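Residue-level listing of the chains:
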Amino acid sequence: MRLLRGLLLVGLGVSLAFALMFAVLPLKWAFGSRPWGVAVCAVLAAAFAVLAWRAPSLRASAAVLSSMTLAMIASAALAVGLGAGIASPLLAFLPLMLAGAAGMVSRRATLAMAGAHAALLLALALADAAGAFGPSAALPLVVQRLAVQLGLLVAALFIGLLMRRSIDRSLARAMARELRFAGLLAVAADWYWEMDAQ
């Protein structure tokens, strides 16, 4: 439960940091996008806060999948709303969350989240190449940006799945030790009663 709450609190902290960045720093964004960035990050931070507060009553996998879905929607909204498309640095937040979430959800759910993020990246790259975010970027530049984002995703997926495998092995070893201890305890109890009977 502490791991889940920690992941949600990190999401809350990062969302608040981005909201503060949009509100305070003199960034050059499209007209009207500063309030949009603050609003999206504030809503995401509120969602993370509610999930962290309700964490004890939620199933870990449901909370993680909900937070990943919300973060993906917010990242896409910011990438589109700020006119950055595939070049948005906010998209790098999702692979980091994926790496942390992989230890709390099934392998299938981890791969599904990675697939959804890859589809989002591909859609943003296609829109960027078509000029949806201003003048169309040169195709080699769009491909390079897509490759960087996909590289981050693959690295995070690899790290997350390795972490999941390590957790599964540790749990299996702990279960085996518990069974051995229970067996030894049963033998010791039998020996005690036999000695007591004599």
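A quick note: this is a predicted structure, and the numbers were derived from the prediction, not measured.

*Asks:* Go over the overall build of the chain, please, and point to the residues and values.
*Replies:* Helix and strand content of the chain: 6 helices and 0 strands. At 23 Å, the chain has a C-alpha radius of gyration far larger than the 16 Å of a compact globule built from 198 residues. For the chain, the spread of C-alpha atoms along the principal axes amounts to about 95 × 35 × 20 Å. For the chain, restricting intrachain contacts to residue pairs at least 6 apart in sequence, the fraction spanning at least 24 positions comes to 70%. Within the chain, the 6 negative side-chain charges are centred at a point lying 23 Å from the centre of the 15 positive side-chain charges.

*Asks:* Mind laying out the packing of helix 2 (residues 33-53) against helix 3 (residues 60-81), listing which residues take part and the relevant values?
*Replies:* Their axes nearest at 10 Å, the elements helix 2 and helix 3 cross at an angle of 180 degrees. The angle between helix 2 and helix 3 falls in the class roughly antiparallel. Residues Ser-33, Trp-36, Gly-37, Val-40, Cys-41, Leu-44, Ala-47, Phe-48 and Leu-51 of helix 2 lie in contact with helix 3, whose contacting residues are Ala-63, Ser-66, Ser-67, Leu-70, Ala-71, Ala-74, Ala-77, Leu-78 and Gly-81. Considering only residue class, the contact of helix 2 with helix 3 consists of 13 nonpolar, 5 polar and no charged.

*Asks:* Tell me about helix 1 (residues 2-24), and please be specific about residues and values.
*Replies:* Helix length check: helix 1, at 23 residues, gives a terminal C-alpha distance of 32 Å against a target of 33 Å (1.5 Å per residue), a fit within 8%. Inspection of helix 1 places Leu-4, Leu-7, Leu-8, Gly-11, Leu-12, Ser-15, Ala-19 and Phe-22 among the buried residues, and these make up the whole buried set.

*Asks:* Can you tell me about the packing of helix 3 against helix 4 (residues 93-101), naming the residues and giving the values?
*Replies:* Where helix 3 meets helix 4, the closest approach of the two axes is 10 Å, and the angle between their N-to-C directions is 175 degrees. The angle between the axes of helix 3 and helix 4 places the two elements in the roughly antiparallel class. Residues Val-64, Ser-67, Met-68, Ala-71, Met-72 and Ser-75 of helix 3 lie in contact with helix 4, whose contacting residues are Phe-93, Leu-94, Met-97, Leu-98 and Ala-101. Taken together, the residues of the contact of helix 3 with helix 4 break down into 9 nonpolar, 2 polar and no charged.

*Asks:* Kindly report on a nonpolar patch on the surface, identifying the contributing residues and their values.
*Replies:* Nonpolar side chains collect at one region of the surface, where Leu-20, Val-24 and Leu-25 lie side by side and expose about 290 Å² of accessible area between them. Residue placement: Leu-25 occurs in the loop between helix 1 and helix 2.

*Asks:* Outline the side chain of Gln-149, listing residues and values.
*Replies:* For Gln-149, the position within the fold is in helix 6 (residues 139-197). Judged by its relative accessible area of 7%, Gln-149 is buried. Not counting residues within four places of it along the chain, the set of residues in contact with Gln-149 comprises Ile-86, Ser-88, Leu-91, Ala-92 and Leu-121.

*Asks:* Talk me through the side chain of Asp-128; I want residue IDs and the actual numbers.
*Replies:* Among the structural elements, Asp-128 can be located in helix 5 (residues 107-129). For Asp-128, the residues in contact, after removing those within four places along its chain, are Ala-84, Ile-86, Ala-87, Phe-133, Ser-136, Ala-137, Val-142 and Arg-145.

*Asks:* Residue-level account of a positive patch on the surface, with values.
*Replies:* A surface patch of positive charge is lined by Arg-107, Arg-165, Arg-169, Arg-173, Arg-177 and Arg-180. Here the element with the most residues in the positive patch is helix 6; it accounts for 5 residues. Mapped onto the elements, Arg-107 comes out in helix 5.

*Asks:* Account for the environment of His-117, naming residues and giving values.
*Replies:* By the secondary structure assignment, His-117 is in helix 5. Separated by 60 residues in the primary sequence, His-117 and Ser-57 have C-alpha atoms spaced 28 Å apart. Contacts of His-117, omitting those with residues within four sequence positions, involve Met-72, Leu-91, Leu-94, Pro-95 and Leu-153.

Reading the values: rules and limits
Per-chain numbering applies: the sequence of each chain, read as written, is numbered from 1 onward. Only residues with pLDDT of 70 or above have their local features reported here, since the model is predicted, and side-chain atom pairs are shown and tallied only from 80 upward, although totals for entire chains, interfaces and linings are computed over all residues. Based on all heavy atoms of the structure, the side-chain values leave hydrogens and waters out of the count. Note on conventions: DSSP H or I runs of at least 4 residues are helices, E runs of at least 2 residues are strands, and numbering of each starts at the N terminus. The globule rule used for comparison is 2.2 Å times the number of residues to the exponent 0.38, while the radius of gyration itself is calculated over C-alpha atoms. The contact definition used throughout considers only heavy atoms, calling two residues in contact when any of these lie within 4.5 Å. Charge assignment in this entry is limited to Lys and Arg as positive and Asp and Glu as negative, and neither His nor the chain termini are counted. To locate a charge, take NZ of a lysine, CZ of an arginine, CG of an aspartate or CD of a glutamate. A fitted line through C-alpha atoms serves as each axis, taken over the contacting stretch for helices, and the angle formed by two N-to-C directions is quoted from 0 to 180°. Should an angle fall under 35 degrees it is called roughly parallel, over 145 degrees roughly antiparallel, and 65 to 115 degrees roughly perpendicular, with every other angle called oblique. The classification used treats Ala, Val, Leu, Ile, Met, Phe, Trp, Tyr, Cys and Pro as nonpolar, Asp, Glu, Lys and Arg as charged, and all other residues, Gly among them, as polar. Expected span of a helix, by definition, is 1.5 Å for each gap between consecutive residues, and there is one gap fewer than residues. Under the scheme applied here, a residue whose accessible area is under 20% of the maximum for its type counts as buried, over 50% as exposed, and between as partly exposed, the area being computed with a 1.4 Å probe on protein chains only. The residues that make up patches have over 30% relative accessible area and no salt bridge, and they are joined within 9 Å when like-charged or within 5 Å when they are Val, Leu, Ile, Met, Phe, Trp or Tyr. Here the Shrake-Rupley method, with its probe set to 1.4 Å, supplies the accessible areas, and only the displayed protein chains count as covering residues. Within this document, salt bridges are pairs made up of a side-chain nitrogen of Lys or Arg and a carboxyl oxygen of Asp or Glu, the two lying within 4 Å of each other.

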